[in-house]
Amino acid sequence: MTALLDLQSVSVSIGKVALLDGISLSVARGQILGLVGESGSGKSLTAMAAMGLLPLFGGRVTQGSVRFDGQDMAAMTEAERRKLRGRRIGFVTQNPMTALDPVQRIGEQVDVVSRLHLGLDRKAARERTLDLLTQLRIPEAAAVAEAWPHQLSGGMKQRIVIAMALAGEPDLIIADEPTTALDVTVQAQIIQILGNLVREKGVALMLITHDMGVVAQVCDRVAVLYAGRLAEEGAVAPIFAAPAHPYTSALIGCIPQEAMAKGALRGIPGAVPSALAFPAGCRFHPRCDRASDLCRKTVPTTGPRGDGRVACHHPGALA
Amino acid sequence: MLPWLIKRLLMLVPVFLAVSVVIFSILHFIPGDPIDNLLKIGSSPEARAEMEVRYGLDKPLAVQYSIWLGNVVQGDLGTAIVARRPVADLIAQALPHSLRLGGLALLFSTVVGVLLGVVAALNRDRWPDRAIMGGVLVGSTMPSFWLGLILILVFSVSLGWFPVSGARGWQSLVLPVLTIGLGGTALVARITRVSMIEAAGRDFVTLLHAKGLSPLRIQLGHVLRHALIPVVTILALRIGWILGGAVTVEVVFARPGLGTLLIKSLSQHDYPVVQACLLMLAMAVMLGTLLGDIMQALMDPRVRAALS
Amino acid sequence: MTYPLRKSFLAASVSLAALFSAQSLAAQEAVFVIGTAEVGAPTYNPIKATMLNTATALLFDRMVSQAADLSYHPWLAESWEEAADGMSWTFKLKQGITFHNGEPFTADTVKAWIELFKTTEGENAYMAEAIASVEVVDPTTVKFVMSRPEPNLLYNLSSTFMSVIEPKSFAALGDNFGVTEVYGTGPYKLESFAVGQETVLVRNEDYKWGPAVAANAGPAKVERLTFREIPEDSTAFLELKTGGVDFLLSVPADLMGEVQKEANLAVLTMAGQDVWYMPINVTKAPFDDIRVREAAAKAINQDEILASVFGGVGAVADTFLISALPESKVSDGARIKFDPDRSNALLDEAGWAMGEGGVRMKDGQPLKVTLWTQSDSIFRRLTEVVQAQLKAVGIEAEITTFDSSMIRDQYKTGEQQLAVRSYNWDNADIVDWFFGGDRLGYPNVSMFNDPKAEELRTAAMTGAKNMEERIANFTAYHDYVLTQFPMAPIYQPVQAMAYNADRISLPATINAPSFGTAAFMDLEVKE
Amino acid sequence: MTAPLIQIDRLSKRFQSGGGIFAKPRVMMAVRDVSLTIGKGEVLGVVGESGCGKSTLARLVLRLIDPTAGRVSFDGTEITALSPAALRKMRRRMAMVFQDPYSSLDPRHTLAEVLAEPFRAQGEPFPPDRLPEMLAAVGLPATMASSYPHQLSGGQRQRVGIARALALNPDLVVLDEPTASLDVSIQAQIIALLADLRDRLGLTYLFISHDLGLVRYFCDRIVVMYLGAVVEVLPNTTTAPRHPYTHALMQSNFAPDPARRRAIEPLTGEIPSPFALPPGCAFASRCPRASDHCRRETPALGGETAHPVACFHPL
Amino acid sequence: MIAPLRALTRPQGGIAGLWLILVIVAALFAAVLTPYAYDIQNLPNAYQPASAQHWLGTDEFGRDLLTRLMYGARTSLSVSATAISISVLCGMVLGAAAAWFGGWLDRIVTMTVDLTWSFPEILIALILVAIIGPGTTGVMIAIAVAYLAQFTRLTRAQIMTLKGETFIEAARSLGAGDAHILFRHLLPNALAPVLVSAMLATGDAIILEATLGFFGLGAQPPVPSWGGMMSAGSALVFKAPWVIIFPGLAVAITVVAINLYGDALIAELDIRARLRRDA
C-alpha cells in the first residue's frame, strides 16, 4: 500500500519554540490512522502541518518533508496547496459548535467547496450538497441547507462539517478530535460515519483523538505522540496486545473498564511538560516507571518493531 | 421580527417618558430665570407675575411638565422665550446643518475607519499596523477644538483652500467633517481591527482555510463581515454622540446647528429651546439604539433568532 | 452661494471649486459680519428689543438723521419746529413714502407708531416718555404734545430704537413682527433671518427717500446684503482675510495691526461711541468705604491697557462719557486717572496693610474681591490685566466669567463687587441709565443710590428746557457721580471697520456718527 | 445499603430564561420529580449527557439553588427548609468539587488563601499549621502554598479544589464532573486520589459524570438521567441495564481492546429541546423500542425497588 | 503592585511613562523649576516667540508660556484625576449594586447608564457646569458625572461576568456570605480592569477639561489650565500661534502617553480580553 500522506522527520516551530520534533508517519487509502496523545503532545499541529496551514498559527516546518500523493508540499506554491485543501484533503474540526460561520446559511457553506473545487454552478453545487447531507443521514436536507448554524444540534453540525470535508471528493480526511465536544451517544454516530467513509469510498483517514477506546474500535494503525515526539507507531492489534512504549501502555491503562479491579486505575504520574521546558533525554522519563539514567540523558532513537516503530530505550517485548 | 420591532418601539415609550422627565426637571435646577431677560428693569412684581403666567411658569412643576409633554406629543415644542419664535422653527433651522455635518462625519469615519482597520488587521503587528494605529491614536487624542483651529490655520489661513467658518456650500463642510470625523475614524479603525483579529482567530476561519478558500476571500467575505457587526452597532449607538459632540466643532467653525443652538439657549436659560434640543438628541440616541439593534439583527441570524 | 475664492488659490482647487459651486457670487451683493456685540440679537422689532444689530437700520427709516458733527437732518421728516417753551414739536413729513407691504407712510402712521411705542412693554418706552400725545394736523403734518420739555427728543428720534415701523402689521403680527416678517420703509427688505446666523436683505427698488446726510437718496447701490453673525472676532477676521466675507462692521483694536498687514484690506475708523469701565459695587464691603473705591479706581493704569491690550488704538477714558460729548468736560478733580501712590496711601489709611504675598490684610482678612466679566475673549483679556493691576496695589481679585447674556441676571442679584463692562451710547443720558437709584442691580451695576446724585439726576433728565441747560445739568450730575467712585473708566475705542478694498468702495466721508443707513446708501460693490 | 445520609424527595427545578415586559419567558424543567437516597459512605454516580440536569441536581442537593418543588434532607435535617444562617452552618458538612479547575479558583488568591477560605467563610480562624497537611493530603508539595492558580497545571488545580472541599472534614462531597476537562492520564490520577480519600476519611460521594465507563469503575450505585428525569438506577456496577438509553450509553463506550471490536449501533433521531418536551417518554424520539404508548404516556420509575427503571419496554 | 513598574519596561510604556513622570514632576515642582511666576504680567513683553529666555515664548500678557504650561499641568491633571477618581468610586458602587442586587435597580441603572453613555460627555458636562457654575469645582463634578456611566457600566459588566465564575459558586458552597463574596472575590477581581480604564479615561477627561476650559468654564484666571490657555489663544491663532499650539500639543502628547502606558499596563495585567468583552 503506498502512502497518500507521508510525513518524514517533520519538525515544527511556532516562533522560536520547537513543538514537533522529527515526526514520521503515513496514511494510505482505505486506511484509518489514529493519532493519539494527551493535550500538548502536538497532535493538532501535525494535522496543520499536513494541511499546510501552519502559517495561520505563526508556525513553520523547520525540518523534514510533508508529501501528499508523492508531491512535496513545501515545493508547491500556496495556490497549489490551496487546491489540495478542500479538494483532495478534507478537514473535520474538533468543535462543531464553532466550526461553522454563524452568519452564513448551512447550504452555502457546503456549496462553496464543490463550486470552488469541482467548478459546479450554483444549482449543481446545491444538488450535490443535498445529496451529501442525505448520505450523512441528515433528515430534511433541503430545510437544513436553508438553516443557520445556531439552529442545529452539535451532532448535526458535525455532520455538516463532515459534508463540507466530503464535498470536494477528497482522497484524505483529517479529523481532529471530531467527537470530543459531543455527547457520548452522538460520538458513536460520528465515529460510525467516518468509519463507513473509509470502507465505502476508500479514502484515507487520519483520526486524531485522545481516546484509546476509539482507536481500538476503529483504527487500522495508530501513532502515539508524546511531547512533540513520536513514541510508538504501528498496527492497532499488536500494539494493544503488547504496547512497546511505556507511555502507550500507560495510556491504555488510563481507560476505566468494567473488568478493572477497584484501585487499578492509577493514571500517569506528573503532567505533560510545557514546550518551553521539555526534559532532556527521553521526554517521558520523568513520568516513566522504567526510566533509567540512559533515558534521562539520551534521546531514544526510533527503531522498528514488528511492522511499526518505537522510540524507547526499554521497549516492552512483542506478544 | 415584526412583532419584536413593534415591542421594541413600544419599549421606547417609557424610555421617552423617563428621558422627558429628566430633561424637563434638570433645567429647572439651572440658576437664573429667563423672565429676567424679558422684564423691564425695575418692573413691578405684578408685571413679573403676568409674564410668568404668560409663559406658564407660575404653575407647579408637575403641571408645567404635563402641559409641556402634551404639547410636545402634538408636535408643539413651544415658543422660545428669548428668541421669541416657535422652537420648532429654530430646530428646523438648526437640524439640517447638524444632520449634514453629523451624517458626513459618520460616513467619513465609517469609510476611512473601516479601511484603516482592515489594512491594520491584515498587517497585524507589522509596520502598516503600527503606523495606522499610532496615527489613529494621535488623531483621537487631539482636542477637537484645537484640531479645528489647527486645520483652519493650515487649510484656510495658509493655503486658503477652505472657508474659515460658516455653513455655506460644500467647502465649508470639509474642515468640520474632517475635525469630527478624525475622532470617529479612530474609534471605527480600532474596533474594526480588533474585531477582525478576533474573528480571524475563530475556529470557522481555520475551517475556511481548510476548505481551500483564498485568504482574501476569507478576510473580506467572512472575517470582515463579522468584524462589521460590532462596528455598525457601535456607530448606530453613537449617532446621538456624534450629533451632540459636534458642539465644539460647531463653535470653532461658527456653524449653525443643534449644538450651537443648545449652548446659546443654555446660557440664556431659554428652557423651551434647551428642552427641545435635548429632546432631539435623546431621540437621536434612542433611534440610534433601535437602529443598532435592527442592524445587528439584520447582520446576525443568531440575534434575529433571539428576537423572534 | 459660494465664496469668492482667494486669488492665490491653487489652480487645481479653483477648477475643483468651480465644478462644485452651485452658483457664483453675483457682483451686486456683499457679505458683512456684524460686530460681536450684536451677535444673537433675536428680533428686528425696534420697539421691543433691547439689542438690535446694524441690519435693523436698513429695514427702517427714522424721522431724523444725524450727521457726523451730531447735527440733525431731515429723513422721513422734511422739517420740524420746536415750540419756544419746548412743550410741543411739529414735524412736516415727506410725501409718497410707502412701507415694504405697500402701506403708505402718513401722519396717521406716526401717531399710531408713537402710541405703540409708548404702550408696548419693553425697556425703550422712556424715549417717548415726554411725548404726552400726538396730533395729526394734516396727512403730512404731526404735532407732538409734550408733558415736559425734552431737549433730547431729536436724538431719540434718530436712534435705531425709534425706527418707524408699519403699525398695522406690527399689531397683527405680535411677537412675530421682526422675526418672521418685518415691514419698514427702509432701503432694504428682509429676505431671511436665522437668529444668531445670518440675515439676508434685498434692495427696496422703490426707495428714494434716503436720509439727507447720504449722497444717494435711493435706491441703494447694492442689490443684496448678507449679514453674518460670527461670535469670535478672530474668526471673522480670518473670513475677511480669506475672502469669505467682504466687510467687518467692527474690528477690535487688537486686530487692527493684523488687518493693516493685508494689502487688499482697508480700515475705516469713525469716532468711538463705546466706553469700557469697571463698575464698583458701593454697597458691598470693602467698597462701601469710598477710600477703597477710589484706591481701586486709581489702580487702573489706563495708558498701559491702551498700549498693550488695545494696541494703542483709541483713547484712554477718564470719565464715564465718550469725550465727544460736551457733558464729558467735567472738572479736573473729578477725572479718574491712574495714581498708584494715592491708591496705596488710601488703602493704608483705610486700614488695609500690605500683607504677605502682596495681598493687603485687615483684621486678619485678606483684601480679596470678586471681579466679574463676560466670556468674550477681549473682555477676558482686559479683565486679566485689570486683575494684575489691582494686585499691584494689594487687591486680590478673583475672576468669574459669565456668558454675556447671563451676566445681566447675575448683576440683578447685587452680589458683584467689581466687574469689567462696556457700553455703546453717544448721549449723556447714559449716566442716568447706569447710575439711577431706581435701577439697582442692572443696569445700575454699581448699586449707586446717592441722594445728592438723585437730585442732580432729576434735574438733568427732566429739568432742562433747552440743550444748553441739559448739558450743564448733565455735566454737574456726571461730575458728582465721578467723585463718588462707583466705577473706574478704562478705555474708549474708536469704531473700526475693515473691508476688502478689492470688492467694496466707500464714499470719501461718511456723514454720520456711526456706520448705518447713510454709509450703506453710498456703498458700492466693484465689478 | 447503610443508613441514608441524603434523602431527595420529589425534587424539581424549573428555569426561566428570557422574558421581559413583553416577551414570554421560556421555561425549562431542568430536574423533574427526582427521588433518591444516598447512603452514608456510599459513592452514588449520576450519569447522563449534557443538559440532562445532573449538574442542577448536584446544586439542588447542596441547596446552591432553591428547588421549585420537593425536599432534600441531610442526615435527617431538611436543608431545603433551613434558614440562611442555619444553612451556612450546615455547609461545613457538605462540599463540592467543580468541573472546571480553571475558573473554580479565584485567580487573585494564593493556594494558602484558597485553602483558608472555607474557614473564613464559616467565620473561623484559619489554622496555618494545617496548610502543609492539607496540601499533602491531595499530593501537592507544601512549597506551593504561595503559588497562584495560573502557575498550576489543570490536575494540580483540581487537587487544590479537592483540598478546599475537604478542609472542614465534610461528610458529603459532591463531585461535579471533576475530571471532565482533564487529560485521561490526569483523570485517572484524580480518580485514584478520590478513591483513596474516601477510603481514608469515610466520605460519601455524589459523583456526577457523563462517562458511564468511569462511573461504573468508581461508583457503588448509578443513577441514569435523561432530560431532567431519572430513567434508571443501577444497584451495582455489574448489573445489566434495562433502559434502552442506559444500554445505548453503554454501547457508546468503546473498550480499549481491538479484540472486542463490534458493530457500532448509534442512536438515531434528535434530542428534543428541553424547552419544548414532547408528551410521553422523553427518550422516545431516539429509542429503537419506542411504541405509540411511549409517545403518549410518560413511564414512571418503577419495577424492582433495588433496580428501578422508567420504561414501558425495558430490556 | 508590580505591574505598573513592569509596564515601564516595555518600549512604548517606558517612553510614555517617562513623559508622564516628566509632566507630573513639572506640575509638582513648577515653582522650583522655573524662574517665572505664572501670574505676573509683563505687558510690554507680550507675544514674544520662543527665545533663550522664554523657551516656548510668551502669551498675550507677557507671561512665560512654559511656566504656565507647567502650572497648567497641575490644574489639568489634578482636576481630571480627581474627577475620574470620584467617578470611579461612585461608578463602582452603582455598578456593583446594580449587578449584585439585580432586579429593578439593575434595570433602572442599566437604562440610565445606556442612555447617558450614548450622550456625548461634553454635552453632559456643559449642562452640569451651567447648573453648578464655572470654575474648577464645577468642572470637576461635571467631568465626574459625565464619565459615571462608563464606570458603572464597566463595573457592572465585570461583576456580572465574575458572578458566573465557578469560584464564586465555590465560595458560596463553603457557606460564604454576600459581604465575603463581594469584598474578597468580586471587587478585587473587578478592580484591575476598572482602574486601568479609569486611567485611560483620565486621558479623555484631560481633553474634556481642556474643552471646557476652551469654553472659558474651567479654572478661572490667572490660574492656568491647558484648555484655558487655549481659550485665550484662540483669538490670536495667527498672531501668536504658539500660544495655542503648545498647550494643544501638551494635551495631545499627554493623552497619547496615557494611552500607550495604559496599553502596556493592560498587556502586563493580561486583562485585554476582559476589557474588550465589557466594552
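Residues numbered from 1 in each chain as written. Chains lettered and ligands numbered in written order. Predicted model: local features only at pLDDT ≥ 70, side-chain atom pairs only at ≥ 80, totals over all residues. Heavy atoms only, no water.

A.B. asks: Mind showing me how you'd approach the overall build of chain D here?
C.D. replies: Along the backbone of chain D there are 9 helices and 12 strands. Computed over its C-alpha atoms, the radius of gyration of chain D comes to 21 Å, within 12% of the 20 Å expected for a compact globule of 315 residues. Projected onto its principal axes, the C-alpha positions of chain D cover 65 × 60 × 45 Å. For chain D, buried positions account for 56% of its 315 residues. Once local pairs closer than 6 in sequence are excluded, the contacts in chain D between residues at least 24 apart make up 65%. (Helix = DSSP H or I, 4+ residues; strand = E, 2+ residues; numbered from the N terminus. Rg over C-alpha atoms; globule rule 2.2 N^0.38 Å. Buried < 20%, exposed > 50% of the residue type's maximum accessible area, 1.4 Å probe, protein only. Contact = heavy atoms within 4.5 Å.)

A.B. asks: Explanation requested: the side chain of T110 of chain D in the structure shown.
C.D. replies: Residues and elements named next belong to chain D. Looking at the element boundaries, T110 is found in the loop between β6 (94-97) and α3 (111-121). Residue classification places T110 among the buried positions, given a relative accessible area of 13%. Ignoring anything within four residues of it in the chain, the contact list for T110 reads A145, S146, S147 and Y148.

A.B. asks: Is there a simple way to think about the sheet that holds strand β9 (residues 221-226) of chain A in this case?
C.D. replies: In any sheet, the strands associate via hydrogen bonds between backbone groups, in a parallel or an antiparallel arrangement. Residue and element names in this part refer to chain A. Spatially, the 8 strands line up as an open sheet ordered β6-β7-β8-β3-β9-β10-β12-β11, and their pairing is mixed. With one partner strand each, in any of the chains shown, β6 (89-92) and β11 (303-305) form the two edges of the open sheet. The mean inter-strand angle of the sheet, taken between neighbouring strand axes irrespective of direction, is 25 degrees. (Pairing = 2+ DSSP bridges. Axes fitted to C-alpha atoms, helices over the stretch in contact; angles between N-to-C directions.)

A.B. asks: In this structure, what is going on with the interface of chain E and chain B? I would like to understand it.
C.D. replies: Accessible area lost during the coming together of the parts is what is often quoted as the interface size. Contacts between chain E and chain B engage 34 residues on the former and 38 residues on the latter. Between chain E and chain B lies a buried interface of about 3,200 Å² when both sides are counted; carbon and sulfur atoms form 84% of it. For the pair chain E and chain B, the number of links is 0 salt bridges. If you look at where chain E meets chain B, you find 1 residue pair in polar contact (both at pLDDT 80 or more). For the side of chain E that touches chain B, the secondary-structure elements that each account for two or more residues are α5 (103-117), α6 (121-132), α9 (178-214) and α11 (242-269) of chain E. With 10 residues, the single largest contributor to the side of chain E that touches chain B is α11 of chain E. Its residues placed into classes, the side of chain E that touches chain B shows 27 nonpolar, 5 polar and 2 charged. (Buried area = accessible area lost by both parts, 1.4 Å probe. Salt bridge = Lys/Arg side-chain N within 4 Å of Asp/Glu carboxyl O. Polar contact = N/O pair within 3.5 Å; in protein donor to acceptor, adjacent residues only side chain to side chain. Nonpolar A, V, L, I, M, F, W, Y, C, P; charged D, E, K, R; others polar.)

A.B. asks: Could you clarify how one ought to interpret the pattern of salt bridges in this entry?
C.D. replies: A side chain of one charge can pair with a side chain of the opposite charge when the charged atoms of the two come close. Taken as a whole and judged by the stated rule, the model has 73 salt bridges over all chains. Between E384 of chain C and R63 of chain E there is a salt bridge whose closest N-O contact spans 2.9 Å. Taken together, the residues span two chains, with E384 of chain C in helix α11 (residues 377-392) and R63 of chain E in the loop between α3 (30-33) and α4 (65-101). With respect to class, E384 of chain C is no different from R63 of chain E; both count as buried. Each member of the salt-bridge network shares a partner with another, and the members are D432, D438, R439, E454 and R457 of chain C.

A.B. asks: I tried to follow unusual backbone geometry on my own but got confused; where do I start?
C.D. replies: Phi is mostly negative for residues that are not glycine, and the peptide bonds are mostly trans. Cis peptide bonds are those with omega within 30 degrees of zero, and the linkage from G218 of chain C to P219 of chain C qualifies with -10 degrees. For the peptide bond that leads from A285 of chain C to P286 of chain C, omega is 0 degrees, which places it in the cis range. Positive phi, close to 45 degrees, is recorded for E177 of chain A, a residue that is not glycine. Relative to the elements of secondary structure, E177 of chain A occurs in the loop between β7 (172-176) and α8 (184-201). A residue is classified by how much of its surface remains accessible, and E177 of chain A, at 8% relative accessible area, is buried. In this structure, L227 of chain D takes a positive phi of about 45 degrees despite not being glycine. Using a relative accessible area of 7% as the deciding quantity, one classes L227 of chain D as buried.

A.B. asks: I would appreciate a short explanation of the pairing of strand β4 (residues 77-82) of chain C in the present structure.
C.D. replies: Strand residues, when the strand is regular, have side chains that alternate between the two faces of the sheet. Residues and elements named next belong to chain C. Relative to strand β5 (residues 88-93), β4 runs antiparallel, the two being bridged by 5 bridges. Looking at β5, one finds that E81 is bridged to T90. Between β4 and β5, which pair antiparallel in sequence order, lie 5 residues; one of them, G86, sits at a positive phi of approximately 75 degrees.

A.B. asks: Please explain the interface of chain D and chain A as it appears in this structure.
C.D. replies: In this assembly, 36 residues from chain D lie in contact with 47 residues from chain A. Interface area, chain D with chain A, both sides summed: about 3,500 Å², of which 55% is carbon and sulfur. Three residues, Y217, F254 and P256 of chain D, lead the burial of chain D against chain A; their summed loss comes to 22% of the area buried on that side. The interface formed by chain D and chain A includes 1 salt bridge. Of the charged contacts, one joins R159 of chain A and E270 of chain D as a salt bridge, the two residues approaching to 3.4 Å between their closest N and O atoms. In this assembly, chain D and chain A are joined by 18 residue pairs in polar contact (both at pLDDT 80 or more). When contributions to the side of chain D that touches chain A are tallied by element, the ones reaching two or more residues are α6 (184-201), α7 (212-218) and α8 (244-252) of chain D.

A.B. asks: What exactly am I supposed to notice about the arrangement of the chains here?
C.D. replies: In this assembly, 7 pairs of chains are in contact, and the pair with the greatest number of contacts comprises chains A and D. At the C-alpha level, the nearest point of chain A lies 42 Å from chain C, with no contact between them. Without any contact between them, chain A and chain E keep their closest C-alpha atoms 18 Å apart.

A.B. asks: Help me out: how do you make sense of the sheet that holds strand β14 (residues 315-316) of chain C in this one?
C.D. replies: All names here are of chain C. In space, the 4 strands of this open sheet follow the order β14-β22-β13-β21, with antiparallel pairing throughout. Looking at which strands have only one partner, the edges of the open sheet turn out to be β14 and β21 (421-424). Judged from the 2 bridges that link them, β14 and strand β22 (residues 487-492) form a sheet pairing that is antiparallel. Bridge pairing links V316 to Y491 in β22. Across the sheet, α11 touches β13 (274-279), β21 and β22, and the angle it forms with β13 is around 45 degrees.

Distances and angles like these do not, on their own, reveal function.
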